[in-house]
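Remarks on the overall topology
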Amino acid sequence: MSTNIVWHQASVTKEDRRKRNGHHSCILWFTGLSGSGKSTVANAVSKKLFDLCVQNYVLDGDNIRHGLNKDLGFSAEDRTENIRRIGEVAKLFVDSGQFVLTAFISPFAQDRELVRNLVEKDEFIEIYVKCPLEECERRDPKGLYKKARNGEIRNFTGIDSPYEAPVSPELTIETHRYTIDECANQVIAYLRERNFIKGESENGV
Ligand SMILES: Nc1ncnc2c1ncn2[C@@H]1O[C@H](COP(=O)(O)OP(=O)(O)O)[C@@H](O)[C@H]1O
Ligand SMILES: [Mg+2]
């Protein structure tokens, strides 16, 4: 732990930035099994927000593991540290007045709670991307389930590592029941309901 570090107060506050942007800022935390559709839906929502002139950015699991977290593996300890760091980065985005959409399996409820507690109550929206394991395995967009079944990958969530489903997420989207566009619209509708965003996009969504 470093000593002699003093927080420097920002001259432009989060509130200033939100006011300028004309919208709220918060974390949209997508959690779910590999292949459930976190990246797909997060990116679809991102595009819709972009079209609504809402400042936003997607933090995606694999991309972060290439850079910021490339020193971390998939043990329980490393998964926890992975999420902790992402939570801290996400918090900076909230402070910058943006929506930050995170697409990480984040299998442990305790880790997600840690991030929830990093920010204000209305700044953490947990979105459970719900899809049966069989369907995720059928999709297998990266061929990872096949490798996990062959024993080529260990500690794979849903196979030989647990996934703790959210108990009371702000939102649940069921990607085996609805199309990608419908799922994304459910998220946008939720943000409108909470008055986090306003205005209409070109296609009226
Ligand atoms: N309603 C849906 N929502 C999201 N993805 C869907 C949906 N229906 C089919 N898919 C497909 O499921 C796969 C999900 O993969 P991906 O988004 O990479 O999952 P994750 O990021 O959760 O590992 C993609 O190939 C996507 O096209
Ligand atoms: Mg993904």
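The structure displayed is predicted, hence computed values, not measured ones.

Once that is clear, we can look at the overall build of the protein. Secondary structure summary: the protein contains 8 helices and 5 strands in total. Walking the protein from its N terminus toward its C terminus, one meets helices and strands in the order α-β-α-β-α-α-β-α-β-α-α-β-α. The C-alpha radius of gyration computed for the protein amounts to 18 Å, which stays within 12% of the reference 17 Å derived for 205 residues, consistent with globular compactness. In terms of overall dimensions, the protein has C-alpha extents of about 55 × 50 × 30 Å along its principal axes. Relative to its full complement of 205 residues, the protein shows a buried share of 45%. In the protein, the proportion of contacts linking residues at least 24 apart, taken out of those at least 6 apart, comes to 73%. Carbon together with sulfur atoms contributes 50% to the accessible area of the protein, which is approximately 11600 Å² in total. Of the side-chain charges in the protein, 29 are positive and 31 negative, and the distance between the mean point of each set is 2 Å.

The next subject is the environment of Thr 179. Tracing the chain through its elements places Thr 179 in the loop between strand E5 (171–174) and helix H8 (180–193). For the pair formed by Thr 179 and Thr 80, sequence separation is 99 residues and the distance between their alpha carbons is 31 Å.

This brings us to the UniProt feature "binding site: ATP" (unreviewed entry) in the protein. UniProt records the feature "binding site: ATP" (unreviewed entry) at Gly 32, Leu 33, Ser 34, Gly 35, Ser 36, Gly 37, Lys 38 and Ser 39, using the numbering of this structure. With respect to the element layout, Leu 33 can be found in the loop between strand E1 (27–31) and helix H2 (38–51). A residue is classified by how much of its surface remains accessible, and Leu 33, at 11% relative accessible area, is buried. In this structure Leu 33 touches Lys 38, Cys 131, Leu 133, Cys 136, Tyr 145, Thr 157, Gly 158 and Tyr 163, once residues within four positions along its chain are discounted. On the secondary structure map, Ser 36 appears in the loop between E1 and H2. Setting aside anything within four residues of it in sequence, one finds Ser 36 in contact with Val 129, Cys 131, Cys 136, Arg 139 and Thr 175. Reaching out from Ser 36, the side chain makes a polar contact with the backbone oxygen of Leu 33 at a distance of 2.7 Å.

Once that is clear, we can look at the UniProt feature "active site" (unreviewed entry) in the protein. Mapped onto the present numbering, the UniProt feature "active site" (unreviewed entry) falls on Ser 106. Here Ser 106 is to be found in the loop between strand E3 (99–103) and helix H5 (109–116). With a relative accessible area of 2%, Ser 106 lands in the buried category. Among all residues touching Ser 106, those that are not within four sequence positions of it are Trp 29, Phe 30, Thr 31, Ile 83, Arg 112 and Tyr 163.

In the contact formed by helix H4 (residues 76–95) and H5, the axes pass within 9 Å of each other and the chain directions differ by 20°. Of the possible angle classes, the one that applies to H4 and H5 is roughly parallel. H4 and H5 meet at a crossing whose hand is right-handed. Of H5, the residues touching H4 (which contributes Arg 79, Thr 80, Ile 83, Arg 84 and Gly 87) are Asp 111, Leu 114 and Val 115. Classifying every residue of the contact of H4 with H5 by side-chain character gives 3 nonpolar, 2 polar and 3 charged.

A separate point is the site of ligand 1. Neighbouring ligand 1 are 16 residues; Gly 35, Lys 38, Ser 39, Thr 40 and Tyr 178 lie closest to it. Thr 175 has a polar backbone atom sitting 3.1 Å from a nitrogen atom of ligand 1. Separating a nitrogen atom of ligand 1 from a backbone N or O atom of Tyr 178 is a distance of 2.6 Å. About the coverage of ligand 1: the protein hides 78% of its 560 Å² of free accessible area. Among the elements that take part in the shell around ligand 1, H2 stands out by supplying 4 residues, more than any other. The class makeup of the residues in the shell around ligand 1 is 6 nonpolar, 8 polar and 2 charged.

Thresholds applied
Residues numbered from 1 in each chain as written. Chains lettered and ligands numbered in written order. Predicted model: local features only at pLDDT ≥ 70, side-chain atom pairs only at ≥ 80, totals over all residues. Heavy atoms only, no water. Helix = DSSP H or I, 4+ residues; strand = E, 2+ residues; numbered from the N terminus. Rg over C-alpha atoms; globule rule 2.2 N^0.38 Å. Buried < 20%, exposed > 50% of the residue type's maximum accessible area, 1.4 Å probe, protein only. Contact = heavy atoms within 4.5 Å. Areas by Shrake-Rupley, 256 points an atom, 1.4 Å probe, with all protein chains shown as cover. Lys, Arg positive; Asp, Glu negative; His and termini not counted. Charge placed at Lys NZ, Arg CZ, Asp CG, Glu CD. UniProt positions renumbered as here; feature names shortened; annotations may be inferred. Polar contact = N/O pair within 3.5 Å; in protein donor to acceptor, adjacent residues only side chain to side chain. Axes fitted to C-alpha atoms, helices over the stretch in contact; angles between N-to-C directions. Parallel < 35°, antiparallel > 145°, perpendicular 65-115°, else oblique. Left-handed = near helix turned anticlockwise from the far one by under 90°. Nonpolar A, V, L, I, M, F, W, Y, C, P; charged D, E, K, R; others polar. Near = heavy atom within 4 Å.

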